[in-house]
Amino acid sequence: MGRVEGKVVFITGAARGQGRAHALRLAAEGADIIAVDSLEDIATNEYPMSRQSDLDETVKLIEALDRRVVALKADVRDRAGLRAALEQGITELGKLDAVVAQAGIAPLGHPDPQAFLDAVQVDFVGVVNAVEAALPHLADGASIVATGSLAAMLPSTTDNPAAGPGGQGYTWAKRAVASFINDLALVLAPRSIRANAVHPTNVNTHMLNSDIMYKLFRPDLPNPTREDALPAFPAMNAMPVGFVEPDDISQAVLFLVSDESKFVTGMQLRIDAGGYLKARPQQPQF
Ligand SMILES: NC(=O)c1ccc[n+]([C@@H]2O[C@H](COP(=O)([O-])OP(=O)(O)OC[C@H]3O[C@@H](n4cnc5c(N)ncnc54)[C@H](O)[C@@H]3O)[C@@H](O)[C@H]2O)c1
């Protein structure tokens, strides 16, 4: 028996990166997956979004694990489209046990104020839309997981003026996700539905491996490369690592989706190599 045997999990942003890693880790532990991704670039976001070939690869890898998958193009900003995609997945797979709201962008450095709104729409409203689409289908005891961000919890990182309106929007959206999950957990507790947020440090995905992130980590250079940024990445963490791998986050998501965490709710679970402690050394609050 896998740790999430027989569960059906809805994952946004599943074509690559952390979303794909979550899908594979959950499928390896017995889950069937409803995978959605927008597969379209956003003008204020400097690095490209996934393509159909990325989503096809996620499907191939899940099927190689002998699990079922329904993969559809859907944008988390489009509430009706997202709902329709999820409902098609539920029709094919029979039910829904968990939501993993992973899709996200980092439109940092773009001077247009629209970047602020794009970050809010994808990184916050997209999470609300995923939860709203899922809620009518979730049985008591279900699990909701949303992705926040260590960087957004720390001062002068993504809200650094150099990150522009999109950095401000990213920070606002991720803090709003943390607050939303906190209060959602209380609202859903009488039904034993859990809502938790994961807050990763740097993760080795397209978002981190982008020119705009290199510039954020190496503001001293005009056109920094990944090689230039690598020595700067560990500044984020207390442990001596520059980034973690997507599956390091998936292990936490697996725990939160599984019944092992059936009494864990409202958590802001940092998978951050001690980054938060380093920046905000204080006594724990009880
Ligand atoms: N990579 C990091 O260093 C890091 C650190 C902390 C938090 N995060 C969070 O992780 C998420 C990004 O995931 P990743 O690191 O795997 O990056 P990624 O860019 O590789 O993956 C993001 C996925 O989301 C999809 N997506 C983007 N906008 C969408 C939309 N409107 N609708 C549906 N799908 C959409 C993209 O096509 C892509 O497949 C964001 O929420 C981000 O805040 C990332």
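In every chain, residue numbers begin from 1 and rise along the written sequence. Under the rules for a predicted model, residues below a pLDDT of 70 receive no local features and side-chain atom pairs below 80 are neither given nor counted, while totals for whole chains, interfaces and linings still include all residues. Note: side-chain values were computed over all heavy atoms of the structure, leaving out hydrogens and water.

Engineer: What's the story with the overall build of the protein chain in this structure? I'm lost.
Structural biologist: Here a helix means four or more residues in a row that DSSP labels H or I, a strand means two or more in a row labelled E, and each is numbered from the N terminus. Check the secondary structure of the protein chain and you find ten helices and seven strands. Values of the radius of gyration come from C-alpha atoms, whereas the globule rule sets the reference at 2.2 Å times the count of residues to the power 0.38. Here the C-alpha atoms of the protein chain give a radius of gyration of 18 Å, agreeing with the 19 Å that 2.2 N^0.38 yields for 286 residues. Across its three principal axes, the protein chain shows a C-alpha extent of roughly 55 × 45 × 35 Å. Per-residue and other accessible areas follow the Shrake-Rupley method at a 1.4 Å probe size, with only the shown protein chains counted as cover for residues. For the protein chain, the accessible surface area stands at approximately 12,400 Å², while carbon and sulfur atoms represent 56% of it. The charge count includes Lys and Arg as positive and Asp and Glu as negative, but it does not include His or the ends of the chains. The atoms used to mark charge sites are NZ of Lys, CZ of Arg, CG of Asp and CD of Glu. For the protein chain, the centre of its 25 positive side-chain charges and the centre of its 34 negative side-chain charges are spaced 4 Å apart.

Engineer: Looking at this model, I keep getting lost on the nonpolar core. Mind explaining?
Structural biologist: Note on soluble globular proteins: their nonpolar side chains tend to be buried together. Here, the term nonpolar core denotes a set of buried Ala, Val, Leu, Ile, Met, Phe, Trp, Tyr and Cys residues that are joined through side-chain atoms within 4.5 Å. Only protein chains enter the accessibility calculation, which uses a 1.4 Å probe; a residue whose area is less than 20% of its type maximum is buried, one above 50% is exposed, and one in between is partly exposed. Residues Phe 10, Ile 34, Leu 86, Leu 96, Leu 138, Ile 144 and Ile 181 are the most contacted members of the largest nonpolar core, which totals 49 residues. When residues in this core are grouped by element, the largest group, eight residues, is from helix H6 (residues 164-188). Working rule for contacts: check all heavy atoms of both residues, and any pair within 4.5 Å makes them a contact. Setting aside chain neighbours within four positions, we find Leu 86 in contact with Phe 10, Ile 34, Leu 96, Ala 133 and Ala 134. Core analysis: the next-biggest nonpolar cluster, separate from the first, contains 29 residues, Ala 15, Leu 26, Val 69 and Ala 98 among them.

Engineer: Help me understand the site of the ligand in this model?
Structural biologist: The environment of the ligand is made up of 31 residues, and the closest members are Gln 18, Asp 37, Ser 50, Tyr 170 and Thr 205. The contact in question runs from an oxygen atom of the ligand to an N or O atom on the side chain of Arg 16, over 2.8 Å. Whenever two N or O atoms come within 3.5 Å, that pair is a polar contact, provided that in protein one can donate a hydrogen and the other can accept it, and provided that, for residues adjacent in sequence, both atoms are side-chain atoms. Asp 37 is positioned with one of its side-chain polar atoms (N or O) 2.6 Å from an oxygen atom of the ligand. Protein burial of the ligand: of its 830 Å² of free accessible surface, 98% is covered by the chains. For each residue, the test is whether any non-hydrogen atom lies within 4 Å of the molecule or strand; if one does, the residue is near.

Engineer: Teacher, can you tell me more about the environment of Gln 88 here?
Structural biologist: Here Gln 88 shows up in helix H3 (residues 79-93). Along the backbone, Gln 88 and Thr 58 are 30 residues apart, and their C-alpha atoms lie at a distance of 18 Å.

Engineer: Looking at this structure, how should I read the layout of surface pockets?
Structural biologist: Any empty space left between atoms is shown by rolling a water-sized probe over those atoms. Definitions used throughout: a 1 Å grid over protein atoms alone; a cavity as a set of points that fits a 1.4 Å probe which cannot get out; a pocket as an open set with protein on both sides within 12 Å along at least five of seven lines; a lining residue as one with an atom within 4 Å of a point. Grid points are joined across faces, edges and corners, and a volume is the space filled by probe spheres set on the points. Its volume calculated, the second largest pocket comes out at about 170 Å³. As for the second largest pocket, its lining consists of Met 153, Arg 175, Ala 178, His 199, Gln 268, Arg 270 and Tyr 276. Where the lining of the second largest pocket is concerned, the elements lending two or more residues are H6 and strand S7 (268-271). Following the grouping adopted for this structure description, the nonpolar residues are Ala, Val, Leu, Ile, Met, Phe, Trp, Tyr, Cys and Pro, the charged ones are Asp, Glu, Lys and Arg, and the polar ones are all others, Gly among them. The class makeup of the residues in the lining of the second largest pocket is three nonpolar, two polar and two charged.

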